[in-house]
Amino acid sequence: MRIVALAGGIGGARFLRGLLKAVGPQDEITVIGNTGDDIHLFGLKVCPDLDTVMYTLGGGIHEEQGWGRTEETWSIKAEMKEYGVGPEWFGLGDRDFATHLVRSQMLAAGYTLSQVTEALCVRWKPGVRLLPMSDDRVETHVRITDEQGTRAIHFQEYWVRLHAAVDAEAIVAVGADTAKPAPGVLEAIAEADVVLFPPSNPVVSIGTILAVPGIREAVAAAPAPVVGLSPIIGGAPVRGMADKVLAAVGVEATAEAVALNYGSSLIDGWLVDTADEASVAAVEAGGIACRAVPLLMTDVDATAEMARAALALAEQVRR
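Throughout, a residue's number is its position along its own chain's written sequence, starting from 1. A pLDDT threshold of at least 70 governs which residues receive local features in this predicted model, and a stricter bar of 80 or more applies before side-chain atom pairs are shown or counted, although totals over entire chains, interfaces and linings include all residues. Values reported for side chains reflect all heavy atoms of the structure, with hydrogen atoms and water molecules removed beforehand.

Visitor: Describe the sheet that holds strand β7 (residues 149-154), naming the residues involved and giving the relevant values.
Guide: Should DSSP find at least two bridges between two strands, the strands are taken to pair. Each helix is a run of DSSP H or I of at least 4 residues and each strand a run of E of at least 2, with the numbering of both proceeding from the N terminus. Spatially, 3 strands are ordered β7-β6-β8 in an open sheet, and the strand pairing comes out antiparallel. Edge positions in the sheet fall to β7 and β8 (170-174), since each of these pairs with one other strand and no more. Across the sheet, the mean angle separating the axes of adjacent strands is 30° when strand polarity is ignored. Pairing of strand β6 (residues 139-146) with β8, which is carried by 5 bridges, proceeds in the antiparallel orientation. Bridging from a neighbouring strand, Glu-139 pairs with Val-174 of β8. Each axis is a line fitted through C-alpha atoms, and for a helix only the stretch in contact is used; angles between axes span 0 to 180 degrees, taken between their N-to-C directions.

This is the structure in C-alpha cells:
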C-alpha cells in the first residue's frame, strides 16, 4: 500500500509514528511536510516541521517538548545572548544548530531543499519518504493589531514569542501563490492508495501545504480515498492554539466545522473523537463519511489504533 500523509509539526509527527506501527514493512509512506513555518535565524535556514518529523521518527526528538533534540545543550544560545544577538525567544540548541548548519551549507552550495532533506534523512532513517511541500520559499505570516499598530509578523513570532495571545486577523502564506510543488509531491499523490490528513493544524500546517498551487487540486483529483483526523476534541485543540488561527479564517474550533471547511470535494472521510460523536451526523450530511473513535495520542499503541481506524475508513469510502 502506498500512503501519502500531509503533515505539520508535533501532531503530525506523532501520528506518523503510530502509522508506521500500524502498517506492514511492505507499505510505503510518503510524507509531504509543511515548510510555511520555515524561518531564517542567525543566518541559518530553520525548517521546524520537517525537522520535527525527522527527529520524531528517527528517535532524536525531545519527547516531553515534542520539538527539538533529546539531551540538548544550549551553549551556542548562551554565547549569542552574550553578543547581544537575538532573537532570544526562539531556542535553538547545540545539536539542533548542527542540522541547520548542514542544511544552510548545502542550500548555499546549490542543492534544493528536497535534496537537502533527503540527505539529512540518510542519518535519521525515519522510515518514510519525507518531501518538503515546495523547494521555493514560503512563509506563513499573521496579521495582528497590538500597541505597535496593525502589522504582519512571521508565524513563529506569533506562536512562539506571543503565544498567540493576540487575535490573529488574517493568515497569509507569503510566496505560496508562486511556489511550485517539490519534485515527487504531485506524483506521490496521484499514485497513492490512501491520502491522510493527520491531526495537524488545519490552517497553518495542512492549509499551507494545500495553498501551494497544484497540491489541493491533486488531492481533490486523487483516485485514492482521502481521510482526515480531527485536531479538535470537545471544542478545543488537543495541543497548541489552533483555535486562534481557525478564528482568523472564520472557522469554528469544532471537529465538525474543520471537516466541513475542508469539504467533501477534498476529503472523503473524517474521524472525530468519541467526545464529538454528536457531530458525526452533521459531517455526513455534508457528504463526508464520519466515524467517532478515540483520538488522543496518549502513546504509540493508541496512535497506531487511530491510524488503523483511518485506513479502515479509507477502505470503506474507496472511490
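Visitor: Tell me about the packing of helix α2 (residues 48-58) against helix α4 (residues 94-108), residues and numbers included.
Guide: In a packed pair of helices, the relevant descriptors are the angle between the two axes and the axis-to-axis distance. In the contact formed by α2 and α4, the axes pass within 12 Å of each other and the chain directions differ by 120°. Between α2 and α4, the angle falls in the class oblique. Classified by chirality, the crossing of α4 by α2 is right-handed. Facing Asp-51, Met-54 and Tyr-55 of α2, the residues of α4 in contact are Asp-96, Thr-99, His-100 and Arg-103. An angle counts as roughly parallel when it lies under 35 degrees, as roughly antiparallel when it exceeds 145, as roughly perpendicular when it falls between 65 and 115, and as oblique in every other case. With the far helix as reference, a near helix turned anticlockwise by less than a right angle produces a left-handed crossing, and one turned clockwise produces a right-handed crossing. Pairs of residues are marked as contacts when any of their non-hydrogen atoms sit within 4.5 Å.

Visitor: Quick one: what's the story with the pairing of strand β13 (residues 269-272), residue by residue and with numbers?
Guide: The buried label goes to any residue with under 20% of its type's maximum accessible area, the exposed label to any with over 50%, and the partly exposed label to all in between, with areas taken from a 1.4 Å probe on protein chains only. Of the two faces of β13, the one holding Gly-269 and Leu-271 and the one holding Trp-270 and Val-272 are both buried throughout. Where strand β10 (residues 226-229) meets β13, 3 bridges bridge the pair, whose relative direction is parallel. Counted as the bridge partner of Gly-228 is Trp-270 from β13. Where β13 and strand β14 (residues 289-292) come together, 4 bridges link them in parallel fashion. Bridge pairing in β14 places Gly-269 opposite Ala-289. Here a crossover is taken to be right-handed if, once the strands point away from the viewer, the path from the first strand over the helix to the second is traced clockwise. Following the chain from β13 across helix α12 (residues 280-285) to the adjacent parallel β14, one finds a crossover that is right-handed.

Visitor: Describe the sheet that holds β14, naming the residues involved and giving the relevant values.
Guide: As a general point, the strands of a sheet are linked pairwise by backbone hydrogen bonds and lie either parallel or antiparallel. Within the open sheet, the 7 strands sit side by side as β5-β2-β1-β9-β10-β13-β14. Their pairing is parallel. With partners counted over all chains shown, the strands left at the sheet margins are β5 (129-132) and β14, one partner each. Averaged over all pairs of adjacent strands, the angle between strand axes in this sheet comes to 20°, irrespective of strand direction. Against the sheet, α2 engages β2 (28-33) and β5, with an angle of about 175° to β5.

Visitor: Lay out the pattern of salt bridges with the relevant residues and their values.
Guide: Salt bridge, as used here, is a side-chain nitrogen of Lys or Arg placed within 4 Å of a carboxyl oxygen of Asp or Glu. Inspection of every chain in the model, using the stated rule, returns 14 salt bridges. Arg-291 is the salt-bridge partner of Glu-284, the closest N and O atoms lying 3.1 Å from each other. Since its relative accessible area comes to 37%, Glu-284 is described here as partly exposed. On the basis of relative accessibility, which here comes to 32%, the residue Arg-291 falls in the partly exposed class.

Visitor: Can you explain unusual backbone geometry? Please cite residues and give values.
Guide: Between Gly-86 and Pro-87 the backbone carries a cis peptide bond, its omega angle lying at 10°. Here the phi dihedral of Glu-71 falls at roughly 50°; this positive angle occurs in a residue that is not glycine. Looking at where Glu-71 falls in the secondary structure, it is placed in the loop between α2 and α3 (75-82). With a phi angle near 55°, Ala-164 is a residue other than glycine that sits in the positive phi range. Looking at the element boundaries, Ala-164 is found in the loop between α6 (155-161) and β8.

Visitor: Describe the packing of aromatic side chains, naming the residues involved and giving the relevant values.
Guide: A pair of aromatic rings is counted whenever rings of Phe, Tyr or Trp (Trp by its six-membered ring) have centres within 6.5 Å, and the orientation is called stacked for planes under 30 degrees apart, edge-to-face for over 60 and tilted otherwise. Counting across every chain of the model gives 6 aromatic pairs. Judged by centre distance (5.1 Å) and plane angle (65°), the ring pair of Phe-197 and Tyr-262 falls under edge-to-face. A residue pair is termed long-range when its members are at least 10 positions apart, and Phe-197 in strand β9 (residues 194-197) and Tyr-262 in helix α11 (residues 255-262) qualify at 65 residues. Classification of Tyr-262 by relative accessible area gives buried; the value is 8%. Aromatic rings pair up to connect Phe-197, Tyr-262 and Trp-270 into one cluster. Geometrically, a lysine NZ or arginine CZ counts as sitting over a ring once it is within 6 Å of the ring centre and also within 35 degrees of the ring normal. One cation-aromatic arrangement involves Arg-69 over Tyr-55; the distance from NZ or CZ to the ring centre is 5.5 Å.

Visitor: Mind laying out α2, listing which residues take part and the relevant values?
Guide: Taken across its 11 residues, α2 has 10 buried, putting it largely inside the fold. Burial in α2 covers these residues: Pro-48, Asp-49, Leu-50, Asp-51, Thr-52, Val-53, Met-54, Tyr-55, Thr-56 and Leu-57. Of the residues flanking the end of α2, it is Gly-59, one or two places downstream, whose phi is positive at about 85°.

Take it as geometry only, folks, not as evidence of what the structure does.
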